[in-house]
Amino acid sequence: MEPLSAHGLPRLSWIDTLYSNFNYNTDGYEGDGAEDGKSQDGSETLPYIDESPTMSPQMCMPQGPDGETVSPTPPEGLLSGGDIEKGLEMKKLVLSGFLASEEIYINQLEALLLPMRPLRATASTSQPVLTIQQIDTIFYKIQDIFEIHKEFYDTLFPSIQQWDEKVTVGHLFQKLASQLGVYKAFVDNYKVALETAEKCSQANIQFQKISENLKVKGPKDSKDCTTTISMEALLYKPIDRVTRSTLVLHDLLKHTPKDHPDFPLLQDALRISQNFLSSINEEIDPRRTAVTTPKGEARQLVKDGFLVEVSESSRKLRHVFLFTDLLLCAKMKKTAVGRHQQYECKWYIPLADLTFQTLDDTDSCPSIQVLPEHEIEEMKIKISALKNEIQKEKKAPKGQSRVERLRKKMNEQESWLLLHSPTIPFRIHNKHGKSFLFLLSSDYERSEWKESIQKLQKKDLQACVLSSVELQVLTSSCFKLRTVHNIPVTSNKDDEETPGLYGFLHVIVHSAKGFKESANLYCTLEVDSFGYFVSKAKTRVFRDTTEPQWNEEFEIELEGSQYLRILCYEKCYDKSMLNKDDNEIVDKIMGKGQVQLDPQTVQSKNWHMDVIEMNGIKVEFSMKFTSRDLSLKRTPSKKQSGVFGVKINVVTKRERSKVPYIVRQCIEEVEKRGIDEVGIYRISGVATDIQALKLAFDTNTKDILVMLSDMDINAIAGTLKLYFRELPEPLLTDRLYPAFMEGIALSDPAAKENCMMHLLRSLPDPNLMTFLTLLEHLKRVAEKEPINKMSLHNLATVFGPTLLRPSESESTKGQHITSASDIWSHDVMAQVQVLLYYLQHPPISFAELKRNTLYFSTDV
């Protein structure tokens, strides 16, 4: 007969060794700690303790060291698949391992319930420890969860004892999954339960002792029959359990034949579990990993990540660790090959002494080195070209050694981009010391750091001063505790990982609900590209409302993107707050959220509507995606009416003009009221406004001038760009494209001048006149660069590919371009350089250009 556990459950001691080979780890962390508290280099490390939640509450499958989802793997030499008998044996091993962890889970739930009855008994006395309401809140649904799992265990145990091919367990797992509604109720109450328990601990010393010293019974045959664990840690166990149950279902399906009666039942249970996990992921607190200090105090890692710090007027990449009582800034030490990597602490601030600065509070603002935008854009183009080269080399025989060299180069370039792109300041200050400045590329990320710190600061924190030994021990523990292992660059991703989307995402921000008071509200959209998030679009401000109706459409370029973030702000009109650094964001974030860009969902031709919930606010939006290979195509023109998509000579002939009316009017309006606009031609206009203007120009609406004067200037700039993009042939023509590419590559300045001017002379008159008109306009825009931040290079980056990119038939002639990113990166830099050459050239007159005979003339 099998031995019984402390509460009468049969104990499966025979599978202990098998169970240890599976990843159903009950303590929530991998048991690969350094022996005797020593790291590989002999220094003391901080031990893990099961004093609080240690497994990530983020509901997901466990991950291996490379970030891949892992399933439990059988011990070496065990039967693993093949015939039915082997599959049956593996299925039994999976179930046995899970049953052992289920017994431990029931022990933990029982330990949590143990103090509930005496606490309830004292609640009606003259000296209650807790009120009935507090007890019901803290222990909400624990009894129900205990009974569900006790029944599941008692039913599953005999099935494993009498194991053969006829035994079925699918109905048990299906029933367990069908009761996840109890877990949903528990999760909805989880944060309130934790907060109530924490407040009660602070208010009542008796409850504090109870909640910090709960005894979990162990197996009778173990040396240590009980384990002391905190109530906070035990309250987390049900959340952890759902993820582990889902993992087991994956493995059971792997070893269950499709014609077995269990298969459809297990599939159904897995579907229910996965839907449950995805529905509650956003509701759980971030990962927390626990350690102890030498004094035995609990210190937990709440958040960590890579941030750019401005130190001594230069940018440094740091790994920042937020613990429950302090913020620590570290850098990775350079170590010899094969040596254990270590962090070096640059500084730390106790959270009790940490405040957030604005520019007004700063005595002297450190100078922030911001690179010209064209250097950032050039680096992105280089990285994209390297990615394409890597893909080609992978297919080539013996290309692997070159792939590694290219990967190393790409890693260096992406790291440079990560270091130099961020511009949003995040200032923190030590009340008893100096200030520190980080730069971030995403306000969403800045908000997450700030909120995490402020949440911890609501607790009764004591200022701490670490001795040099304590600081060394804490810093050395960071290597093991960290949750972010690599800097966020795409070259660190595995080949199998989703590459993300390349192309254009169309997003309509419809409306928002849930605001308690009227406010001036707007939204911004962020997407990830090249490993980090950047802001891509912004709605107009909807004034004095609780239900803004924006209904604005944006076209966002994606560069390997996997997520869309939406941030909702209240606009600040306080004049004293507006004289800030250009990149300072003083508006208040009302809510934020993100969605994954699932290729199957967004790549359909239809709009996909969705809702992001954030702090009680619901933002409605729709999106659809156009891949880059489709968005870059110039389609042959069959239109003769309208102006968009019609050959330029047809339009000018019909209008009896030298330059199309649409070009002249858009330029005039931009120069009238948009030349001082920050990011003119770079910032996206509202897509619905652009489409309205397109229709007006196509139908020659009489009210076009009124529309132009009323329309947002970015929409007018966007309409001009769209006109050139939709020309069936580029403005500088398909015929001359190869010659432009050869001319810009010439090294001798005289030869280049001769060739580039001759090419202009070779353009048809409507094309040449339109190009020269646009050229002089863009020069006038660049003259206002100190105000509008648009340099000649920025303008060349925006317009170069639009004016030169060949039409479909020409761009693929004689080439075998295999991917969207190939099309995008092919010759883009040269296209930018062609336009930049003419922008930097002294004024070019149409008459002089046609009259001048000094230029070398030849057929092109």
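Note that the structure is predicted; figures quoted are calculated from it, not measured.

**Quick notes on the overall build of the chain**
What the chain contains, in helices and strands, is 31 helices and 19 strands. Looking at the chain as a whole, 51% of its 860 residues qualify as buried. Pairs at least 24 residues apart make up 73% of the contacts formed inside the chain by residues separated by at least 6 positions. Working note: accessible area of the chain is about 41400 Å², and carbon and sulfur atoms make up 50% of it.

**What about the nonpolar core?**
Counting 67 residues, the largest nonpolar core has Tyr681, Phe724, Phe740, Phe771 and Tyr838 as its most contacted members. Counting residues per element, this core draws most heavily on helix H25 (residues 765–782), which supplies 9 residues. If near-sequence neighbours (up to four positions away) are discounted, Tyr681 is found in contact with Val670, Ala717, Leu720, Lys721, His777, Leu778, Val781, Leu795, Val798 and Phe799.

**Here's the deal with helix H11 (residues 373–395)**
Given 3.6 residues to a turn, an α-helix orients residues that are three or four positions apart in the same direction. Taking 1.5 Å per residue, 23 residues should reach 33 Å; H11 reaches 34 Å between its end C-alpha atoms and fits that length. Residues of H11 that are buried include every one of Ile376, Met379, Lys380, Ile381, Ile383, Ser384, Leu386, Lys387, Asn388 and Ile390, and no others.

**Comments concerning the sheet that holds strand E15 (residues 549–561)**
Whenever strands of a sheet pair, they do so through backbone hydrogen bonds, lying parallel or antiparallel. What the 4 strands build is an open sheet, ordered E15-E11-E19-E18; its pairing is antiparallel. Looking along the sheet, the strands with just one partner apiece sit at the ends: E15 and strand E18 (608–614). Going from strand to strand, the sheet's axes swing by 30° on average, the running direction of each strand aside. Pairing between strand E11 (residues 501–513) and strand E19 (residues 617–627): 10 bridges, direction antiparallel. Following the sheet pairing, His506 is matched in E19 by Lys624.

**Focus: the confidence of the model for the chain**
Confidence along the chain averages 78 in pLDDT terms, with 78% of residues attaining 70 or more. In this model, residues 282–289 is a region of pLDDT below 50 whose contacts with residues beyond four sequence positions or in other chains number 34 contacts. Here residues 853–860 is a poorly scored stretch, pLDDT under 50, and it has 16 contacts once near neighbours within four places are set aside; other chains count.

**Thoughts on empty space enclosed by the protein**
A complete count under the given rule lists 4 cavities of 30 Å³ or more for this structure. Taken as a whole, the largest cavity encloses approximately 130 Å³ of empty space. Put simply, the parts of the chain that give the lining of the largest cavity at least two residues each are helix H5 (142–161), helix H6 (170–178), helix H7 (180–203) and helix H9 (231–254). The greatest single-element share of the lining of the largest cavity, amounting to 5 residues, is contributed by H9. Classifying every residue of the lining of the largest cavity by side-chain character gives 8 nonpolar, 5 polar and 1 charged.

**Brief notes about helix H12 (residues 400–420)**
End to end, H12 covers 30 Å across 21 residues, agreeing with the expected 30 Å (1.5 Å per residue, within 8%). Taken together, the buried positions of H12 are occupied by Val403, Leu406, Arg407, Met410, Gln413, Glu414, Leu417, Leu418, Leu419 and His420.

**Concerning the packing of H5 against H6**
For the pair H5 and H6, interaxial distance at closest approach is 11 Å and the crossing angle is 175°. If you check the angle between H5 and H6, you find them roughly antiparallel. Between H5 and H6, the contacting residues are Ile148, His149, Glu151, Phe152, Thr155 and Leu156 on the first element and Leu172, Phe173, Lys175 and Leu176 on the second. Of the residues belonging to the contact of H5 with H6, the class tally is 6 nonpolar, 2 polar and 2 charged.

**Notes on the side chain of Glu102**
Tracing the backbone shows Glu102 in helix H2 (residues 84–113). You can call Glu102 buried: its relative accessible area is 0%.

**Digging into the packing of aromatic side chains**
Taken as a whole and judged by the stated rule, the model has 18 aromatic pairs. With a centroid separation of 6.0 Å and an interplanar angle of 35°, the aromatic rings of Phe98 and Phe173 are classed as tilted. Of the two residues, Phe98 is situated in helix H2 and Phe173 in helix H6; the sequence distance between them amounts to 75 residues. Per residue, the accessibility class of Phe98 equals that of Phe173, and both read buried. Taking 6.3 Å as the distance between ring centres and 65° as the angle between the ring planes, the aromatic pair formed by Tyr661 and Phe697 counts as edge-to-face. Taken together, the residues span a long stretch of sequence, with Tyr661 in helix H19 (residues 661–673) and Phe697 in helix H20 (residues 687–698) at a distance of 36 residues. Among the residues examined, Tyr661 registers a relative accessible area of 23% and is labelled partly exposed.

**Regarding the pattern of salt bridges**
Taken as a whole, this structure holds 27 salt bridges when the rule is applied. Here Glu555 ties to Arg725 by a salt bridge, and the two come within 3.2 Å at their closest N and O atoms. Of this pair, Glu555 sits in strand E15 while Arg725 is found in helix H22 (residues 713–725), placing the two residues 170 residues apart along the sequence. Among the residues examined, Glu555 registers a relative accessible area of 26% and is labelled partly exposed. Looking at Arg725, the relative accessible area reads 29%, which means it is partly exposed. Across the salt bridge formed by Glu776 and Lys779, the nearest N and O atoms sit 3.6 Å from each other. Placement of both Glu776 and Lys779 in helix H25 is noted, with a separation of 3 residues, approximately one turn of the helix.

Rules used in this analysis
Residues numbered from 1 in each chain as written. Predicted model: local features only at pLDDT ≥ 70, side-chain atom pairs only at ≥ 80, totals over all residues. Heavy atoms only, no water. Helix = DSSP H or I, 4+ residues; strand = E, 2+ residues; numbered from the N terminus. Buried < 20%, exposed > 50% of the residue type's maximum accessible area, 1.4 Å probe, protein only. Contact = heavy atoms within 4.5 Å. Areas by Shrake-Rupley, 256 points an atom, 1.4 Å probe, with all protein chains shown as cover. Core = buried A, V, L, I, M, F, W, Y, C linked by side-chain atoms within 4.5 Å. Expected span 1.5 Å × (residues − 1). Pairing = 2+ DSSP bridges. Axes fitted to C-alpha atoms, helices over the stretch in contact; angles between N-to-C directions. pLDDT = per-residue confidence, 0-100. 1 Å grid on protein atoms, 1.4 Å probe; cavity = no way out; pocket = protein on both sides within 12 Å on 5 of 7 lines; lining within 4 Å. Points joined across faces, edges and corners; volume = space filled by probe spheres on them. Nonpolar A, V, L, I, M, F, W, Y, C, P; charged D, E, K, R; others polar. Parallel < 35°, antiparallel > 145°, perpendicular 65-115°, else oblique. Phe/Tyr/Trp six-rings, centres within 6.5 Å; stacked < 30°, edge-to-face > 60°. Salt bridge = Lys/Arg side-chain N within 4 Å of Asp/Glu carboxyl O.

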